[in-house]
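What the coordinates show
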Amino acid sequence: MADDKSKRDFRDRNRVSADEDYEVEHFARENGITPKQVRELIKATGNDRAALTASAKQLKTVLQGDPLRASRDN
């Protein structure tokens, strides 16, 4: 059976909304960072999911070199 073209999904999966706690928490879990760090990344890089994922990977690399800094951010 064909998809019903009249029913459309208007959510934008390529973006992470800083206003939606569940999106921030999911992205944080998915990338191994804190929700606070996710919100800071959104402020710094915008809400594009690909850019945020790249920034989260960089942040994680930096924090792995400084475990005390990682615990202070929680």
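Before any of the text, the structure's been laid out above.
Definitions and cut-offs
Residues numbered from 1 in each chain as written. Predicted model: local features only at pLDDT ≥ 70, side-chain atom pairs only at ≥ 80, totals over all residues. Heavy atoms only, no water. Helix = DSSP H or I, 4+ residues; strand = E, 2+ residues; numbered from the N terminus. Contact = heavy atoms within 4.5 Å. Areas by Shrake-Rupley, 256 points an atom, 1.4 Å probe, with all protein chains shown as cover. Expected span 1.5 Å × (residues − 1). Buried < 20%, exposed > 50% of the residue type's maximum accessible area, 1.4 Å probe, protein only. Arc of directions from axis to C-beta. Salt bridge = Lys/Arg side-chain N within 4 Å of Asp/Glu carboxyl O. Core = buried A, V, L, I, M, F, W, Y, C linked by side-chain atoms within 4.5 Å.

1. Thoughts on the overall build of the chain
A tally of helices and strands in the chain yields four helices and zero strands. Sequence-ordered secondary structure for the chain, helices as α and strands as β, is α-α-α-α. Contacts in the chain between residues at least 24 apart in sequence constitute 43% of all its contacts with a sequence separation of at least 6. Summed over all atoms, the accessible surface of the chain reaches about 5,800 Å², with 49% contributed by carbon and sulfur.

2. Comments concerning helix α3 (residues 49-64)
Spanning 16 residues, α3 covers 22 Å between terminal C-alpha atoms, matching the ideal 22 Å at 1.5 Å per step. Among the residues of α3, those classed as buried are Leu52, Ser55, Ala56, Leu59 and Leu63. With its buried residues spanning 105° around the axis, α3 presents them on a single face. In α3, those exposed residues whose orientation departs by more than 90 degrees from the buried face are Ala50, Lys57, Gln58, Thr61 and Gln64.

3. Concerning the pattern of salt bridges
Per the counting criterion, the structure on display carries two salt bridges. Here aspartate 48 ties to arginine 15 by a salt bridge, and the two come within 3.7 Å at their closest N and O atoms. Taken as a pair, aspartate 48 in the loop between α2 (35-45) and α3 and arginine 15 in the segment before α1 (21-31) lie far apart in primary sequence, 33 residues in all. For aspartate 48, a relative accessible area of 28% puts it in the partly exposed group. Linking arginine 39 and aspartate 21 is a salt bridge whose minimum nitrogen-to-oxygen distance equals 2.5 Å. Residue arginine 39 is located in helix α2, and its partner aspartate 21 is located in helix α1; the two are separated by 18 residues in the primary sequence.

4. What to know about the nonpolar core
Grouped together as the largest cluster of nonpolar side chains are 12 residues: Val16, Val24, Phe27, Ala28, Ile33, Val38, Leu41, Ile42, Leu52, Ala56, Leu59 and Leu63. Mapped by element, the contributors of at least two residues to this core are α1, α2 and α3. With four residues, α3 is the largest single contributor of residues to this core. Setting aside residues up to four positions removed in sequence, leucine 41 forms contacts with Ile33, Gly46, Leu52, Ser55, Ala56 and Leu59.

5. Structural notes on the environment of valine 24
As for its placement among the helices and strands, valine 24 is situated in helix α1. Valine 24 sits 15 residues away from arginine 39 along the chain, and the two C-alpha atoms are 7.3 Å apart. Aside from chain neighbours lying at most four places away, what touches valine 24 is Ser17, Ala18, Pro35, Val38 and Arg39.

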